[in-house]
Amino acid sequence: MSDRLLAVLSDELRPLAAQRLAAAEPVLRRLLAGLYGERADFDAWLGELMESLGALYAARPAELRALDAQRVAQPDWFLNQRMLGYCAYVQNFGGDLNGVAARIPYLRELDISYLHLLPFLRPRAGENDGGFAVSSFDEVDPALGSNADLDALTTQLRAAGISLCSDFILNHVADDHAWARAAKAGDAGARAMFHVFSDRDMPDRYERTLGQVFPQVAPGNFSFIEALDGWAWTTFYPYQWDLNYANPAVFASMAAALLRLANRGIEVFRLDSTAFLWKREGTNSMNQPEAHQLLQALRAIVDIVAPGVLLKAEAIVPTRELPAYLGSAEAPECHIAYHSSLMAAGWVALAEQDTGVLREVIRNTPALPAAATWLSYVRCHDDIGWNVLRAEASADGSGGSGNAGDGGAVRLARVARFFSGAEGSYAIGAAFQSTDPNAAHGSNGMAASLAGLQAARTDEERALALRRMLLLHGLALSFGALPVLYMGDELAMENDYSYQDRPQHAMDSRWLQRPVFDQQRWKHRYDVSTVPGTMHQALAKLVRIRSRHDALAANAPRALLADAPDGMLALARGDRFLTLMNFSGQPQSYALQGEWRDCVAEQATGGTLVLEPYATHWLERE
Ligand code: OTU
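What you see as residue numbers is a count from 1 along each chain, following the sequence as written. For a predicted model such as this one, the threshold for reporting local features is a pLDDT of at least 70, and the threshold for listing and counting side-chain atom pairs is 80 or more; totals across whole chains, interfaces and linings nevertheless cover every residue. Hydrogens and waters are ignored; side-chain quantities use all the structure's heavy atoms.

1. Considering the overall build of the protein
Line of reasoning, step 1. Secondary structure assignment for the protein yields 21 helices and 24 strands.
Line of reasoning, step 2. Over its C-alpha atoms the protein spans a radius of gyration of 24 Å, differing by no more than 12% from the 25 Å that the globule rule assigns to 622 residues.
Line of reasoning, step 3. For the C-alpha atoms alone, the extent of the protein along its principal axes is close to 70 × 55 × 45 Å.
Line of reasoning, step 4. Only protein chains enter the accessibility calculation, which uses a 1.4 Å probe. A residue is then buried if its area is under 20% of the maximum for its type, exposed if over 50%, and partly exposed in between. The buried share of the protein, reckoned over its 622 residues, is 60%.
Line of reasoning, step 5. Here the open area of atoms and residues is found with the Shrake-Rupley method and a 1.4 Å probe, where only the protein chains shown may cover a residue. In the structure as shown, the protein presents an accessible area of about 22400 Å², 50% of it carried by carbon and sulfur atoms.
Line of reasoning, step 6. Taken as two groups, the 55 positive and 73 negative side-chain charges of the protein have centres that lie 3 Å from each other. Here a helix means four or more residues in a row that DSSP labels H or I, a strand means two or more in a row labelled E, and each is numbered from the N terminus. Only the C-alpha atoms count toward the radius of gyration. The rule for a globule is 2.2 Å times the residue count to the power 0.38. Charged-residue counts in this description rest on Lys and Arg as positive and Asp and Glu as negative, His and the chain ends being excluded. Just so you know, the charge point we use is NZ for Lys, CZ for Arg, CG for Asp and CD for Glu.

Quick look at the structure:
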């Protein structure tokens, strides 16, 4: 079958392709045979897939092929401590793609080397889940620019040393995507791209064990579609139709769509909702072995055609399910995976003024295969999902739930209430999709508002809120991961309530944390007499310190130190770097061994260090 790939290549391209095929083809064949091998037409299908990969290989621009070669020679290029991400909506950050390009100098000033732009491909007309309902993978959203603008942007970003990351929404398409339209018009092949059931029999059987992502606004996992005269699987909103990966045509088409985007210069793909790719009756249809086989097959294809490209798994799942998304040395999967447990546990530690759950998460975080890493973050465009922490919230030994047997639910519900502003909290946020007061779902709000800035009335309260912001950012920057900043947090932007006036957004409080970039705050970014300036300068300082210490690289060793009090987290990065974080509102003491230098305060320190409320200390050995 490899002949089919090589046959379409020029004499010049063939030798390297043959070499990459020799390395990846056996794995790819095994994976695809495992998924689709029982079909009579398997060999013919595989031959066609290889031929289409050959065409995509041939079409890859020379500049990107050169980048591939460079990255193959240094596969851990994205693990160093200078790698730093920034995530933004195109429309909010720059208005359109050209406006984003105009902000490159600002990104460089922040030392950003990785830019995740939230969905910018043509979305469904009307409501579209912030662009997560895609109607064409080959067209930029006309409201944001043209395909030529995208090509120009990737070129400019590359020149500035910034890798562009794009969402690749592979679990579902919009109900006005060409396949959905054809299915509605009666095309059987198109209908087979989806999970469609003519009656409620199978949907009801599946529902017995399925969870719900949006239980309030989109209850259930199936939607009756009149034009189909049947029920389509719709994990998210009813207009997002899940693709049927048991159909090999879906896999082949989506792999090709990803590579066409890669050939436009997108260097990283955020694989949205990867946990949901394979459905199995009697399970929650998440994290199924076949979902991993699909991702490993996609990785093998990328390794052949565009090996400079990185795959990033967005799987918001319990900690124990996360490592599988990075695969193993024998079967690599994604290069990067969101560590949503670490993110959520940082917020739990703030709410509880206790690091029990956070420590349990860190203990449950295994060492990773080479050339793979976690993504660390404080906030993103979604809610903070609490249920990924069920295991840790019931197992950290503190007995924090006060209700044995609820699996941490009551405890996490208390945390969710805290961030919605209840229980004497400094936070101003919103509970997301909660249907049961004794169970948590998610919490929304900008980091600054959740950390107390919006509610602060005095300078002291404002200073504490900023410290909490820096504490969580310090954790993300020093954990040993690829940290990604969320647009606006570097300027301590607060909640945006304007969504309540937009009928298509009003029911989804995730829009609280999707504000338009604040030009006024940005102008004050150097002025430390202002809140945005203080935040920006303090964060920029942490970024600078991080970039100087290879002990903070993603793949450098990390150890959780057990001798810190419960309100504190102490992480050693090798034996020369130490980060101390106080998650409580009380001072905490920590006895240092030996002589240290505080990189932030720029002074020597040693003996017993007293950490002020919510203080962060980054220490290097003298
Ligand atoms: C992802 O999210 C996206 O990040 C969301 O913005 C989209 O709405 C969603 O997919 C559909 O495309 O379950 O594992 O609770 O955490 O929806 C992926 C909200 C997901 C998100 C959840 C999420």
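2. Details of the sheet that holds strand S16 (residues 430-432)
Line of reasoning, step 1. Whether two strands pair comes down to DSSP finding at least two bridges between them. A sheet is described by the order of its strands in space; here three strands give the open sequence S15-S17-S16, paired in antiparallel fashion. The open sheet terminates on both sides in strands that have one partner only, identified here as strand S15 (384-385) and S16.
Line of reasoning, step 2. Sheet topology note: the S15/strand S17 (residues 442-444) ladder contains two bridges and is antiparallel. Note that in S17 the partner of Gly385 across the bridge is Gly442.

3. Notes on the nonpolar core
Line of reasoning, step 1. Among buried residues, those of type Ala, Val, Leu, Ile, Met, Phe, Trp, Tyr and Cys that are joined through side-chain atoms within 4.5 Å constitute a nonpolar core. Among the nonpolar cores identified, the biggest contains 202 residues, and Leu32, Tyr86, Tyr245, Phe251, Trp347 and Trp386 are the most heavily contacted of them.
Line of reasoning, step 2. Looking at this core, the element that brings in the most residues is helix H12 (residues 248-262), giving 11 residues.
Line of reasoning, step 3. Note on definitions: a residue-residue contact is assigned when non-hydrogen atoms from the two residues lie within 4.5 Å. Setting aside anything within four residues of it in sequence, one finds Trp347 in contact with Val378, Arg379, Ile384, Trp386, Phe419, Ala447, Leu450, Ala451 and Leu472.
Line of reasoning, step 4. Of all hydrophobic cores here, the second largest spans 13 residues; its members include Ala564, Met568, Leu578 and Leu619.

4. Description of the pattern of salt bridges
Line of reasoning, step 1. For this analysis, a salt bridge means a side-chain nitrogen from Lys or Arg found within 4 Å of a carboxyl oxygen belonging to Asp or Glu. Taken as a whole, this structure holds 29 salt bridges when the rule is applied.
Line of reasoning, step 2. Arg60 is the partner of Asp68 in a salt bridge, and the nearest nitrogen-oxygen pair spans 2.7 Å.
Line of reasoning, step 3. For Arg60, a relative accessible area of 4% puts it in the buried group.
Line of reasoning, step 4. A salt bridge links Asp129 to Arg510; the shortest N-O distance between them is 2.9 Å. Linking Asp129 in the loop between strand S3 (121-123) and strand S4 (134-140) with Arg510 in the loop between strand S18 (482-486) and helix H20 (519-523), this pair joins segments that are 381 residues apart in sequence. The pair formed by Asp129 and Arg510 is uniform in burial state, with each residue classed as buried.
Line of reasoning, step 5. Among the ionic contacts, a cluster of salt bridges with common partners joins Asp129, Asp382, Asp508, Arg510 and Arg514.

5. Section: the site of the ligand
Line of reasoning, step 1. Around the ligand, a shell composed of 17 residues is seen, among which Asp129, Arg270, Asp272, Glu314 and Asp382 lie nearest.
Line of reasoning, step 2. What qualifies as a polar contact is a pair of N or O atoms within 3.5 Å, subject to a donor-acceptor requirement within protein and to the restriction that residues adjacent in sequence count only when both atoms come from side chains. A distance of 2.8 Å separates an oxygen atom of the ligand from a polar side-chain atom of Asp272.
Line of reasoning, step 3. For the ligand, whose accessible area on its own is 490 Å², the fraction buried by protein is 95%.
Line of reasoning, step 4. Each residue gets one label: Ala, Val, Leu, Ile, Met, Phe, Trp, Tyr, Cys and Pro are nonpolar, Asp, Glu, Lys and Arg are charged, and the others, such as Gly, are polar. Within the shell around the ligand, the residues separate by chemical class into six nonpolar, four polar and seven charged.
Line of reasoning, step 5. Structurally, the shell around the ligand is a two-domain feature, drawing no fewer than three residues from each of domain 1 (76-171 + 263-397 + 459-551) and domain 2 (172-242). Whether a residue is near a molecule or strand depends on its heavy atoms: it is near if one of them lies within 4 Å of it. Domain ranges listed in this record stem from an automatic or a database domain assignment.

6. Some words on helix H21 (residues 531-548)
Line of reasoning, step 1. Helix length check: H21 (18 residues) gives 26 Å between terminal C-alpha atoms against 26 Å at 1.5 Å per residue, within 8%.
Line of reasoning, step 2. In the core, the buried residues of H21 are packed alongside helix H7 (104-109), helix H19 (459-478), S18, H20 and strand S24 (616-621).
Line of reasoning, step 3. Capping the start of H21 is the job of one residue whose side-chain oxygen sits 3.0 Å from the backbone nitrogen of Gly533: Thr530. By definition here, a helix of n residues has an expected span of 1.5 Å times n minus one.

7. A short note on the domain arrangement of the protein
Line of reasoning, step 1. Here the domain parsing of the protein yields domain 1 (76-171 + 263-397 + 459-551), domain 2 (172-242) and domain 3 (557-621).
Line of reasoning, step 2. Relative placement of domain 2 and domain 3: their C-alpha centres are 52 Å apart.

8. Points about the pairing of strand S1 (residues 85-88)
Line of reasoning, step 1. Alternating residues of S1 divide into Gly85 and Cys87 and Tyr86 and Ala88, and every residue in both groups is buried.
Line of reasoning, step 2. Where S1 meets S18, three bridges bridge the pair, whose relative direction is parallel. Paired with Cys87 across the two strands is Tyr486, which belongs to S18.
Line of reasoning, step 3. In this structure, S1 lies alongside strand S2 (residues 114-117), joined through four bridges in parallel fashion. Among the inter-strand pairings, Cys87 is bridged to a residue of S2, identified as His116.

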